Amino acid sequence: MIFLFLACASSLDLGRATPLAVGEGQFSSGGNLSGFSPAISPSGSFTLPWIQISGGYHRGIAPGIEIGGRGWLFGLPSWFTTFGAAFDSKFLLHGSKEGYDPHLSLAPSVLYHRPALGGAPWQVLSLQLPLLIGWDLGPSQLVFSPRMAGWYATSYGQTPIWTASAGLGIGLHIPVRKVELRPEISWSWAPLGFSGVNDDPGRIGAGGFELGLSVAWGDPW
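Residues numbered from 1 in each chain as written. Predicted model: local features only at pLDDT ≥ 70, side-chain atom pairs only at ≥ 80, totals over all residues. Heavy atoms only, no water.

J.: Can you walk me through the overall build of the protein in this structure?
T.: The helix and strand inventory of the protein stands at one helix and eleven strands. Burial status across the protein gives 42% buried among its 221 residues. A separation threshold of at least 6 residues defines the contact pool for the protein, and within that pool the share at least 24 residues apart is 56%. When the accessible surface of the protein is summed, it comes to about 11,200 Å², and 70% of that surface belongs to carbon and sulfur atoms. (Helix = DSSP H or I, 4+ residues; strand = E, 2+ residues; numbered from the N terminus. Buried < 20%, exposed > 50% of the residue type's maximum accessible area, 1.4 Å probe, protein only. Contact = heavy atoms within 4.5 Å. Areas by Shrake-Rupley, 256 points an atom, 1.4 Å probe, with all protein chains shown as cover.)

J.: How do you make sense of the packing of aromatic side chains when you look at a structure like this?
T.: For any two aromatic rings, the description comes down to two numbers: the centre-to-centre distance and the angle of the planes. Applying the stated criterion across every chain, the model contains four aromatic pairs. A ring pair is formed by Phe27 and Tyr57, whose centres lie 4.7 Å apart and whose planes are at 50 degrees; its orientation type is tilted. Taken as a pair, Phe27 in strand 1 (residues 25-38) and Tyr57 in strand 2 (residues 48-62) lie far apart in primary sequence, 30 residues in all. Accessibility expressed as a relative area gives 25% for Phe27, which makes it partly exposed. Judged by relative accessible area, Tyr57 falls into the partly exposed class, the value being 24%. The interplanar angle of 85 degrees and the centroid separation of 5.8 Å between the aromatic rings of Trp135 and Phe144 together place this pair among those described as edge-to-face. Residue Trp135 is classed as partly exposed on the basis of its relative accessible area, which comes to 28%. When its relative accessible area of 28% is taken as the criterion, Phe144 is described as partly exposed. (Phe/Tyr/Trp six-rings, centres within 6.5 Å; stacked < 30°, edge-to-face > 60°.)

J.: Sorry, what's going on with the environment of Ala86 here?
T.: Note on placement: Ala86 falls in strand 4 (residues 80-94). Here Ala86 falls in the buried class, since its relative accessible area comes to 7%. Put simply, Ala86 and Gly69 are 17 residues apart on the chain and 5.4 Å apart in space, counted from C-alpha to C-alpha. Once residues lying within four places of it in the same chain are set aside, the contact partners of Ala86 are Gly68, Gly69, Arg70, Trp72, Ser109, Val110 and Leu111.

J.: Which parts of the structure should I look at to understand a nonpolar patch on the surface?
T.: Taken together, Leu33, Ile51, Phe74, Leu168, Ile170, Ile185, Trp187, Trp189, Phe209 and Leu211 make up a surface patch of nonpolar side chains, about 860 Å² in accessible area. Where the nonpolar patch is concerned, the elements lending two or more residues are strand 9 (161-176), strand 10 (179-193) and strand 11 (204-218). It is strand 10 that contributes the most residues to the nonpolar patch, three residues altogether. Inspection of the secondary structure assignment puts Ile185 in strand 10. (Patch = residues over 30% accessible without salt bridge, like charges linked within 9 Å, V, L, I, M, F, W, Y side chains within 5 Å. Salt bridge = Lys/Arg side-chain N within 4 Å of Asp/Glu carboxyl O.)

J.: Quick question: what am I supposed to make of the pattern of salt bridges here?
T.: One side chain can pair with another of opposite charge once the charged atoms of both are near each other. Applying the stated criterion across every chain yields a total of six salt bridges. Across the pair Arg182 and Asp13 runs a salt bridge whose closest N-O atoms are separated by 2.8 Å. With Arg182 in strand 10 and Asp13 in the loop between helix 1 (2-7) and strand 1, this pair connects stretches of sequence that are 169 residues apart. Considered together, Arg182 and Asp13 belong to a single accessibility category, that of buried residues. In this structure, the salt-bridge partner of Glu180 is Arg182, at a minimum N-O distance of 3.1 Å. By relative accessible area, Glu180 is classed as buried at 8%. Residue classification places Arg182 among the buried residues on the basis of a relative accessible area of 3%.

J.: Can you walk me through the layout of surface pockets in this structure?
T.: The method is simple in principle: a probe with the dimensions of a water molecule rolls over the atoms, and the space it marks as empty is what remains. Put simply, the largest pocket is a space of about 160 Å³. In terms of lining, the largest pocket is formed by 14 residues, of which the most central are Arg16, Thr18, Leu20, Gln26 and Arg182. Taken together, the residues that form the lining of the largest pocket break down as four nonpolar, four polar and six charged. (1 Å grid on protein atoms, 1.4 Å probe; cavity = no way out; pocket = protein on both sides within 12 Å on 5 of 7 lines; lining within 4 Å. Points joined across faces, edges and corners; volume = space filled by probe spheres on them. Nonpolar A, V, L, I, M, F, W, Y, C, P; charged D, E, K, R; others polar.)

J.: Hey, could you run me through empty space enclosed by the protein in this one?
T.: If you walk through the whole model with that rule in mind, you get four cavities of 30 Å³ or more. Computed from the structure, the second largest cavity encloses a volume of approximately 80 Å³. For the lining of the second largest cavity, the secondary structure elements donating two or more residues are strand 8 (140-155), strand 9 and strand 10. Tallied by class, the residues present in the lining of the second largest cavity amount to six nonpolar, seven polar and two charged.

Following this line, the structure appears as structure tokens:
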């Protein structure tokens, strides 16, 4: 269950591998469908689905530097709720010159997530480190994003949990008139154990994916 809480923290909508120009701002809004597969039993895992809506704003503040934030939420009052926010940054490491030379940016993100089942909330903190690798396809851009993250989760009366995850995201940024469509998918894996005090290799690991679609548009300022 704890990986469900961790993985429903959104890792999508980080934008292109090229940071926004100085003074350029961009809003985004969308939703995603997630599936999580913890290795509960040695015979196999099962998938837990999850959906949520999200939105964000990012702005270029210096040449090759972008900052911004995202937020997400979903739930039914008195049953379950989840909401969270992330502070994002992006630093251009290499700008493409021509041909197959990709854009490279590092996009560190600090994340807070608060899921709750009934009256039992969890507090989740994460430091995420995606590398955005983008190829221009005319006005569009294809972005691969290998990523690592560290997680800390705690709740009242629970022993804090520390873990790490690794994964890969793929997104396509497509300009359509005055907006940009962003279909994305990401996959991640964490070495969480589900065998308690027993050391059972068949019950270690939890994988998850996110499939999302967002729309981005420039701010009027």
